[in-house]
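Per-entry structural report
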Amino acid sequence: MTTPGRLPEPYGQGQGANLADILERVLDKGVVIAGDIRINLLDIELLTIKLRLVVASVDKAKEMGIDWWESDPALSSNARHKELARENAELRARLAELEPGRAPEESP
Amino acid sequence: MTGLRYVYAVCRPFGAALQAQLTGVAGDPPRVLHHHDLVAVVSHVPEADFSEEALRAHLEDLDWLASTARAHQQVIDALTAVTTPLPLRLATVFRDDSGVRVMMEEREDYFRRTLDRLEGRVEWGVKVYVESDPEQGALAERPAGKPASGRDYLRRRSMRSRAHEDMWQRAEEFATRLHRTLSERAEDTRLHAPQNTALSGAAGRNVLNAAYLVGRDVSEEFVEMVDRTKDEAPGIRVELTGPWAAYSFAGEESREGNAGESRPRDTGAGEAS
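Attention here is on the structure that accompanies the text. (Residues numbered from 1 in each chain as written. Chains lettered and ligands numbered in written order. Predicted model: local features only at pLDDT ≥ 70, side-chain atom pairs only at ≥ 80, totals over all residues. Heavy atoms only, no water.)

Here we take up helix α2 (residues 52-59) of chain B. Residue and element names in this part refer to chain B. Those residues of α2 not exposed but buried are A54, L55, H58 and L59. Projected onto a plane normal to the axis of α2, the buried residues spread over an arc of 130 degrees and lie on a single side. Pointing more than 90 degrees away from the buried face of α2 are the exposed residues E53 and A57. (Buried < 20%, exposed > 50% of the residue type's maximum accessible area, 1.4 Å probe, protein only. Helix = DSSP H or I, 4+ residues; strand = E, 2+ residues; numbered from the N terminus. Arc of directions from axis to C-beta.)

Encoded structure:
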């Protein structure tokens, strides 16, 4: 029998917990055991779920703060692409500021 | 029709009762299944939702996944309050109680070893964010008005990117130092991939996402240590979550190989589809 030591009050959990934090643990960590009806979330399947989630409802996932694919180099080939796009947009904005007569969309 | 068995965790038998109001996945209260000197915490789930096919479909429904994950975590959380659970991953499902018993019989030694390793320990999550957008900070510093010339523009631009780099460097140094300090109090640590919180509405950018395995008896001290760093660095935010069951440290065996990880694969492959 276990007598737990004194624990501080829970931080950032319960209903308010970040879903990304929960899924990070419940889906990605913990012990992997094959259930006897062959439902098992082994690594390869987790990857599939992640990818399908992305495809299925990217906006919804983003709303909820789930975005492994963006920080996961294995899944994200457009992380760098995004960075470039952002810089591009920023430069265009700067250009528009410097040359007020010319809208950025007009440049080829 | 009694449904399938959903297993949340394996533990040593514990004396304390779980909260009366606790409901598990699919709304069924979890109960305890004894096997030798271990218990599995299980509840009944409807076959219509948890058969292999149905589950596959459900797992791609984010709302369903979210509520199931929360229900799973709630049970683990309740267990963490009274014992040291060995948390299983989401959706470990068996046909009936005897299926669960067979699984426990097969993996008895592994469970005992891992429970011994984790006994009396919990996981704390610490995240470090760079709070203000470094570029905005740099923008605020720049002199008012438009650049007077192309050279002026380039000069301002290079100032901006230098400020940007400074900020990241400060954040990195802060995170490294914090991680080192906290590691001294922890028995083990794991670094997770940073979460992109810009999209979740949380302010700032996640630069450290770490998990620490900490004894219950020093948890209070650990939390205070994290608290103390909170006002240390302007523009940098530290977030603490926990106590979690030792999810990030549960899946691995000690050095001599990962029998615990490879065995279920074999079991799975050997079964008829």
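Residue and element names in this part refer to chain B. Residue P243 follows G242 across a cis peptide bond; omega there is -5 degrees. With respect to the helices, strands and loops of the structure, P243 is situated in strand β9 (residues 236-244). Although it is not a glycine, A26 adopts a positive phi angle of roughly 65 degrees. Relative to the elements of secondary structure, A26 occurs in the loop between β1 (4-11) and β2 (31-35). A residue is classified by how much of its surface remains accessible, and A26, at 53% relative accessible area, is exposed. The phi angle at H36 is positive, at roughly 50 degrees, despite the residue not being glycine. Tracing the backbone through its elements, the reader meets H36 in the loop between β2 and β3 (38-45).

Here the focus is the side chain of T114(B). All names here are of chain B. Among the secondary structure elements, T114 is positioned in helix α4 (residues 97-118). You can call T114 buried: its relative accessible area is 1%. Here Y110 takes part through its backbone oxygen, which lies 2.8 Å from a polar atom of the side chain of T114. Here T114 is in contact with L86 and A250, once residues within four sequence places are set aside. (Polar contact = N/O pair within 3.5 Å; in protein donor to acceptor, adjacent residues only side chain to side chain. Contact = heavy atoms within 4.5 Å.)

Looking at where R25(A) falls in the secondary structure, it is placed in helix α1 (residues 19-26). The buried category is assigned to R25(A), whose relative accessible area is 1%. Only 2.7 Å separates the side chain of R25(A) from the side chain of E123(B), close enough to count as a polar contact. If we ignore the near neighbours within four places in the chain, the residues touching R25(A) are G30(A), E123(B), G125(B), A211(B), W244(B), Y247(B) and S248(B).

Residue and element names in this part refer to chain B. Strand order across the open sheet formed by four strands is β7-β8-β6-β9, with antiparallel pairing between neighbours. With partners counted over all chains shown, the strands left at the sheet margins are β7 (188-191) and β9, one partner each. Across this sheet, the average inter-strand angle for adjacent strands is 20 degrees, counted without regard to direction. Bridge analysis of strand β6 (residues 121-130) against β9 gives seven bridges, and the strand direction is antiparallel. Within the sheet, the bridge partner assigned to V126 lies in β9 and is L240. (Pairing = 2+ DSSP bridges. Axes fitted to C-alpha atoms, helices over the stretch in contact; angles between N-to-C directions.)

Below, the discussion takes up the packing of aromatic side chains. Scanning all chains against the criterion turns up five aromatic pairs over all chains. Ring centres of Y6(B) and F50(B) lie 6.0 Å apart, and the angle between their planes is 85 degrees; this geometry places the pair in the edge-to-face category. One end of the pair, Y6(B), is in strand β1; the other, F50(B), is in helix α1 (residues 47-50), and 44 residues separate them in sequence. A relative accessible area of 0% means that Y6(B) is categorised as buried. Given the relative accessible area of 2%, F50(B) is considered buried. Arranged with centres 5.5 Å apart and planes meeting at 50 degrees, the rings of F50(B) and W64(B) form a pair that is tilted. Placement of the pair is F50(B) in helix α1 and W64(B) in helix α3 (residues 62-82), with a sequence separation of 14 residues. Take F50(B) and W64(B): they sit in the same class, and that class is buried. In textbook terms, an aromatic cluster arises when at least three aromatic residues are bridged by ring pairs, as seen for Y6(B), Y8(B), F50(B) and W64(B). Lying across the ring of W244(B), R25(A) places its NZ or CZ 4.2 Å from the centre. When the ring centre of Y129(B) is taken as origin, the NZ or CZ atom of R237(B), which lies over that ring, is 4.2 Å away. (Phe/Tyr/Trp six-rings, centres within 6.5 Å; stacked < 30°, edge-to-face > 60°. Lys NZ or Arg CZ within 6 Å of the ring centre and 35° of its normal.)

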